[in-house]
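Listed below are the residues making up each chain.
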Amino acid sequence: MTPISILKPVSVSLRAGRFRSATPPNPARRAWLELRTLVDEENIVCAFAEPQFNTAILENVFAGDLRIGQLDPLGLDHPVGPGLYPALLRDMADAMTDCLSDPG
């Protein structure tokens with residue numbers, strides 16, 4: 001896993017006597033920092049993703065502080081038929097239980 005950096009390069013202008021960012025502000029980075037703060041303040045232990053989304057960013061940003069579960073509301077792993085909906089509900093309930101349960 002490659003960690004992502006949340007720090008921006010900073011350049012120093014001695015002539016002007018002030019600091020300025022070497023890159024423009026990044027709204028996505030700000031949003032991740034706000035999410036990180038919310039997770040810490042509210043003691044959030046689990047986040048869910050759907051199978052079509054890459055969880056690498058969540059895994060990097062939260063680096064073991066947050067369990068990541070997968071919810072598949074489309075039931076992609078199940079055959080279409082009368083058993084699809086009950087299996088779908090069972091899988092999502094199991095995923096929620098696994099992610100939200102205290103690992104200790």
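Look above for the structure.
All values reported here derive from a predicted model rather than from experimental measurement. (Residues numbered from 1 in each chain as written. Predicted model: local features only at pLDDT ≥ 70, side-chain atom pairs only at ≥ 80, totals over all residues. Heavy atoms only, no water.)

### Considering the pattern of salt bridges
Once the charged atoms of two side chains with opposite charge are near each other, the side chains can pair. Under the definition given, this model contains one salt bridge. For the salt bridge of Asp-40 with Arg-36, the shortest nitrogen-to-oxygen distance reads 3.6 Å. Of this pair, Asp-40 and Arg-36 both sit in helix H1 (residues 27-42), separated by four residues, roughly a single helical turn. Under the relative-accessibility criterion, Asp-40 is labelled partly exposed at 43%. (Salt bridge = Lys/Arg side-chain N within 4 Å of Asp/Glu carboxyl O. Helix = DSSP H or I, 4+ residues; strand = E, 2+ residues; numbered from the N terminus. Buried < 20%, exposed > 50% of the residue type's maximum accessible area, 1.4 Å probe, protein only.)

### Looking at the environment of Cys-46
Along the chain, Cys-46 turns up in strand S3 (residues 46-49). Counting along the chain gives 21 residues from Cys-46 to Arg-67, while the straight-line C-alpha distance between them is 4.6 Å. Sequence-distant contacts of Cys-46, that is, excluding residues within four places in its chain, are made with Leu-66, Arg-67, Gly-69, Cys-99 and Leu-100. (Contact = heavy atoms within 4.5 Å.)

### Concerning the pairing of S3
Looking at chain direction, S3 and strand S4 (residues 67-70) are connected through four bridges and run parallel. When the sheet's bridge partners are listed, Ala-47 is paired in S4 with Ile-68. Following the chain from S3 across helix H2 (residues 56-62) to the adjacent parallel S4, one finds a crossover that is right-handed. (Pairing = 2+ DSSP bridges. Right-handed = clockwise from strand over helix to strand, strands pointing away.)

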